[in-house]
Amino acid sequence: MSDPREGAATPERRSALAMEPATFRAIGHRLVDDLAELLASVPQRPVTPGESPADVRRGLRLGGPLPEAGDDPRELIERVAKSLFDHSLFNGHPRFFGYITSSPAPIGMFGDLLAAAANPNVGSWTLGPAATEIELEAVRWIAGLLGFPESCGGVMVSGGNMANFVGFLAARVAKCPWDVRAAGVAAGPRLRAYVSAETHTWIQKAADLFGLGTDAVRWIPCDSAMRMDVAALERTIAADRAAGDLPFLVVGTGGSVSTGAVDPLPAIAQVCRREKLWFHVDGAYGGFAAAVPEAPDELRGLALADSVAVDPHKWLYSPLEVGCALVRDPEAMRAAFSYHPVYYHFDEQVVNFVDHGLQNSRGFRALKVWLGLRHAGAAGCREAISEDIRLSRRLAEALRAHGSFEVFTTDLSIVTFRYVPDDLRGRESDSAAAERLDALNRELLDSSQRAGEVFVSNAVVHGRYALRTCIVNFHTSERDIEAIPGIFARAGRAIDERMRAGGAAPAGG
Ligand SMILES: *Cc1c(COP(=O)(O)O)cnc(C)c1O
């Protein structure tokens, strides 16, 4: 018999996709050198180049046909690395405070490279033995950080939306008294899900995509702090039951996307226990803050949930994409997603992640999370989250102290505020002033996003247009925070003068 590996060093097949080890090494060394420099240059760059779509296409030489012949990989990688940095918005910039997207942990960048190199298919244990076991450990560690039972089931997904879908689907199967997976939702009474008016749009997508229809969602009003009104929740459940509907799910939000408000999770948990409803917590933004003393105590009520969604690509600083769904009873995950009996390998029961979620073939996104947790340790993770919260409070203080701003909310690491010119101070509630303030702050947001000095987004707080900062950024320092009031006061004053000279809001304002 001939040696099956004979001749392996000189492959017989040549492919345009293959790369000689020496080329791979040279390109990789060069790329890491370039990246080290590019990443170090980010704080000196604008947060965003603020270019038009046409500028971006030109800068990246896009828009041509797919070339028939391939490119030289060295030049290609070198050129693309540089032009990506020249034409990107940096959520890792110390002055990026928009939306909720964190600075990426460098160890996670290596994690994604390593994951792609090993390339396990983490849909089944057999195809990804090491990767499956690492993912299980990352899930268990995340549960531990949150104070959720480590005996839970869990799965890494692409983000918060998908993690929430996992909880939603587990709830649907667990609470339908008929075989909903076979017969569908139309085979029983009308399903009802209860969420606060501040809930993220994932709930509409879930209700729509999974066949309930968006009308199945009951939007429960919020109190003045933008938290679910639990008495209204109870009344709505009772009314729906009386009408013959089937309540199955209550969603509590642990850190709302617009202001960081935390629903009264322990009180919602009590209602769910009494009413035998599935309790899901959307902790996509705020979940990890349950690990730190600065977060409101009620956030720790997520430990009472049947399922929790968190987003390592938000407050665990993993590079995009990665979300994580946790389900208290691992069997409830299998019941929602599996079409197979439990699988054994060498007499040990093993997890096939295909049975835990929506995907079939799956990448090794758990690696960057697990490496991040190991690199920072639990203490390092908690410290970074605490500091983000501290800096947010510091920002609220600085805005108040400045005198040109009205601060609306400070929850977790989100601050909402607006610029108020001197002549409107104290008149904020009269309707002409309110309109001018909305237009002025809208223009302030647009112009600041184009200028790139600092990047914030917006929210609507009790009907008022607000600027919104969210700090999930381990690069941000006290100095970056202290610059914010001055930047917005200067720009606000200039826009206000321009608007008054023009007598109206400029186009788009
Ligand atoms: C960000 C967010 C989501 C959606 O998460 P993605 O990772 O963007 O899919 C859902 N809910 C809340 C509260 C969020 O902050």
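Residues numbered from 1 in each chain as written. Predicted model: local features only at pLDDT ≥ 70, side-chain atom pairs only at ≥ 80, totals over all residues. Heavy atoms only, no water.

Trainee: If you had to explain a nonpolar patch on the surface to someone new, which residues and values would you point to?
Mentor: Residues Leu76, Ile77, Val80 and Leu84 make up a contiguous nonpolar surface patch of roughly 280 Å² in combined accessible area. For Leu76, the position within the fold is in helix H3 (residues 73-86). On the basis of relative accessibility, which here comes to 33%, the residue Leu76 falls in the partly exposed class. (Patch = residues over 30% accessible without salt bridge, like charges linked within 9 Å, V, L, I, M, F, W, Y side chains within 5 Å. Areas by Shrake-Rupley, 256 points an atom, 1.4 Å probe, with all protein chains shown as cover. Salt bridge = Lys/Arg side-chain N within 4 Å of Asp/Glu carboxyl O. Helix = DSSP H or I, 4+ residues; strand = E, 2+ residues; numbered from the N terminus. Buried < 20%, exposed > 50% of the residue type's maximum accessible area, 1.4 Å probe, protein only.)

Trainee: How would you sum up the confidence of the model for the chain? Please name residues and give values.
Mentor: Put simply, the chain has an average pLDDT of 95, and 96% of its residues get 70 or more. The low-confidence segment residues 505-509, where pLDDT is below 50, has eight contacts with residues more than four positions distant or belonging to other chains. (pLDDT = per-residue confidence, 0-100. Contact = heavy atoms within 4.5 Å.)

Trainee: Break down the domain arrangement of the chain for me, citing the residues and quoting the values.
Mentor: Examined at the domain level, the chain breaks down into domain 1 (21-90), domain 2 (121-364) and domain 3 (378-500). For domain 1 versus domain 2, the separation of C-alpha centres amounts to 38 Å. (Domains from an automatic or database assignment.)

Trainee: Before we move on, could you go through the packing of helix H6 (residues 160-175) against helix H8 (residues 202-209) and cite the residues and values that matter?
Mentor: Where H6 meets H8, the closest approach of the two axes is 10 Å, and the angle between their N-to-C directions is 50°. If you check the angle between H6 and H8, you find them oblique. Taken as a pair, H6 and H8 cross one another with a handedness that is right-handed. Each of Asn161, Asn164, Phe165 and Phe168 in H6 lies in contact with H8, whose residues at this interface are Trp202, Ile203, Lys205, Ala206, Ala207 and Leu209. (Axes fitted to C-alpha atoms, helices over the stretch in contact; angles between N-to-C directions. Parallel < 35°, antiparallel > 145°, perpendicular 65-115°, else oblique. Left-handed = near helix turned anticlockwise from the far one by under 90°.)

Trainee: Could you give an account of the pairing of strand E7 (residues 307-310), with specific residues and numbers?
Mentor: Because side chains alternate across E7, one face comprises the buried residues Ser307 and Ala309, and the other comprises Val308 and Val310, equally buried. Both strand E6 (residues 278-283) and E7 contribute to a ladder of four bridges, which runs parallel. The residue bridging His280 from the neighbouring strand is Ser307, located in E7. Direction of pairing for E7 relative to strand E8 (residues 323-327): antiparallel, over a ladder of four bridges. Paired with Val310 across the two strands is Cys324, which belongs to E8. (Pairing = 2+ DSSP bridges.)

Trainee: Quick one: what's the story with the sheet that holds strand E14 (residues 464-470), residue by residue and with numbers?
Mentor: Strands sit in the order E1-E13-E14-E12-E11 across an open sheet of five strands; the sheet is mixed. Both edges of this open sheet fall to strand E1 (96-97) and strand E11 (405-411), since each of them pairs with a single strand only. By the bridge criterion, five bridges tie strand E13 (residues 455-461) to E14 in an arrangement that is antiparallel. What sits directly across from Ala459, in E14, is Ala466. Against the sheet, helix H15 (residues 478-502) engages E1, E11, strand E12 (414-419), E13 and E14, with an angle of about 25° to E12.

Trainee: Break down the packing of aromatic side chains for me, with residues and values.
Mentor: Evaluation of the coordinates by the stated rule reveals 12 aromatic pairs. For the ring pair Phe405 and Phe417, a centre distance of 5.9 Å and an interplane angle of 75° mean the geometry is edge-to-face. Of this pair, Phe405 sits in strand E11 while Phe417 sits in strand E12; the two residues are 12 residues apart in sequence, bridging distant segments of the chain. Phe417 matches Phe405 in its accessibility class, with the two residues each being buried. Taken together, the ring pairs connect Phe165, Phe168, Phe210 and Phe248 into an aromatic cluster. (Phe/Tyr/Trp six-rings, centres within 6.5 Å; stacked < 30°, edge-to-face > 60°.)

Trainee: Run through the side chain of His356, naming residues and quoting values.
Mentor: One can find His356 in the loop between strand E10 (348-350) and helix H13 (366-402). On the basis of relative accessible area, His356 is assigned to the buried category, the value being 7%. Within polar-contact distance, the side chain of His356 engages the backbone oxygen of Gly154 at 3.4 Å. Contacts of His356, omitting those with residues within four sequence positions, involve Gly154, Val155, Val166, Met333, Arg334, Phe337 and Val351. (Polar contact = N/O pair within 3.5 Å; in protein donor to acceptor, adjacent residues only side chain to side chain.)

Trainee: Now, about the sheet that holds strand E3 (residues 191-196): what can you tell me, with residues and values included?
Mentor: Adjacent strands of a sheet pair through backbone hydrogen bonds, lying either parallel or antiparallel. Spatially, E2-E8-E7-E6-E5-E3-E4 is the arrangement adopted by the seven strands of the open sheet, whose pairing is mixed. Because the sheet does not close on itself, it has two edges, and the strands there are strand E2 (153-157) and strand E4 (217-220). Each strand of the sheet is rotated relative to its neighbour by a mean of 20°, with strand direction disregarded. Sheet topology places E3 next to E4; four bridges connect them, and they run parallel. Of the residues in E4, the one forming a bridge with Ala193 is Val217. Across the sheet, helix H10 (residues 265-275) is in contact with strand E5 (246-253) and E6; its angle to E6 comes to roughly 155°.

Trainee: I'd like to hear about the site of the ligand, residue by residue, with values.
Mentor: Taken together, the neighbourhood of the ligand is formed by 15 residues, with Gly160, Asp282, Asp311, His313 and Lys314 sitting nearest. Here Asn161 contributes a backbone N or O atom positioned 2.9 Å from an oxygen atom of the ligand. With respect to the ligand, the side chain of Asp282 contributes an N or O atom lying 2.6 Å from a nitrogen atom. Look at the ligand: alone it shows 380 Å² of surface, and the protein chains cover 85% of it. Every element with two or more residues in the shell around the ligand is listed here: H6 and helix H11 (312-315). Here the element with the most residues in the shell around the ligand is H6; it accounts for three residues. (Near = heavy atom within 4 Å.)

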